Structures are given as C-alpha cells and as structure tokens.
Amino acid sequence: MTLLNCHSNKYYYDHSWLNYPNESLVNDINADDVIRKKYEEEHISIWQYNINVEIIKTEYKDKYITLLQRNESIEITQEEANTISHNHFFGSNKKYYVIRALYPLPGGTYIVNLTNENNLFVYYAVMAKKDYKLKENALIIEVNNYPNNIFISFSITS
C-alpha cells in the first residue's frame, strides 16, 4: 500500500493541522495485516495498522474538535473512550488519546499506521471530482506509549 501526498489533482490545500514531514512520503504497509473497519452511519472507513483506532460518535465530536484547536491530542480514560466511540476498547494497561484528523468529504478512508519508530500517520484518502474545503475531525487511539510524532495528511483523487 502506498500513501500519496496532500495534493489533489488540481488543488493545493493548506490547514494548520497538515504536517506530513514530506509530501512524497511513501509508507509501505503489508495489506494482509491491515484491520478494516466501516462506519456506515458516518460514511467513513478506517484501515488501521499496528494500532487500534476508533471514530467518535457524532454527538461528542464538536466538543473534542474544539479542545483539539489548542492541543494536538487529549488523553482520556478507557471509560471515556468507550463512552464516546462506536465500539469498545478492551486493552489492559493501554493509554487512550483523542487526536486530530482531517477530511475533505465523507466517503473516504482513514489509513492509520503506527510505525516501529512510534510515529503515527493519519492519512485520509477519498475519490472526488472537485475541490472541497478541509474539515476537522477527531479519532481515538489506543496505544502503549504516546507516539513520538503524529503526522496528518490526505489525498483527493479523481
């Protein structure tokens, strides 16, 4: 699996949360090891690799997106994670964080990878034929240790 860059075919996007270290970054992921989740009611999917990721229920999103304006992430308890997520976390001795994410329009997939170097890549891919304004989102991650870096990007392809 190859991750693309934060350019669409026609437009360049700018947002303070976009922070991929290199727009041509390629991150190879063994597709057999990817866990795929689909959230029909949110029109979003997640492909997660080396990490457990969940989306936040709609009724809680605005609160966490507001908090993420000032912070890259927010540590929460497992109980809080289970309250605000669509699915439950069962890990023992894990830490939970709400993190920033971006998307231009629903219907795409978050590809989330925690590397061996403990860097987290949150990438949103979607197909569309026109320009869309980036929207802020929030995801929940379950980790042993807080990531060294959290990199956020997206791609629109037509």
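The text that follows walks through the structure, step by step, so that each part is easy to find. No experiment lies behind these values; they were computed from the predicted model shown.

What counts, and at which threshold
- Residues numbered from 1 in each chain as written.
- Predicted model: local features only at pLDDT ≥ 70, side-chain atom pairs only at ≥ 80, totals over all residues.
- Heavy atoms only, no water.
- Pairing = 2+ DSSP bridges.
- Helix = DSSP H or I, 4+ residues; strand = E, 2+ residues; numbered from the N terminus.
- Axes fitted to C-alpha atoms, helices over the stretch in contact; angles between N-to-C directions.
- Contact = heavy atoms within 4.5 Å.

Another point: the sheet that holds strand β2 (residues 44-49). Taken in spatial order, the 5 strands of this open sheet run β1-β2-β6-β7-β9, and their pairing is mixed. Edge positions in the sheet fall to β1 (35-39) and β9 (149-157), since each has one partner strand and no second. Geometrically, the sheet is characterised by an average inter-axis angle of 15° between neighbouring strands, direction not taken into account. Two strands pair when backbone bridges link them, and strand β7 (residues 119-127) and β9 are joined in this way by 9 bridges, in the parallel orientation. In the strand pairing of β9, Leu 120 is matched with Ile 150.

As a further point, take the side chain of Glu 142. For Glu 142, the location among the structural elements is in strand β8 (residues 135-143). Setting aside residues up to four positions removed in sequence, Glu 142 forms contacts with Ile 51, Asn 52, Phe 89, Phe 90, Gly 91, Lys 94, Lys 95 and Tyr 96.

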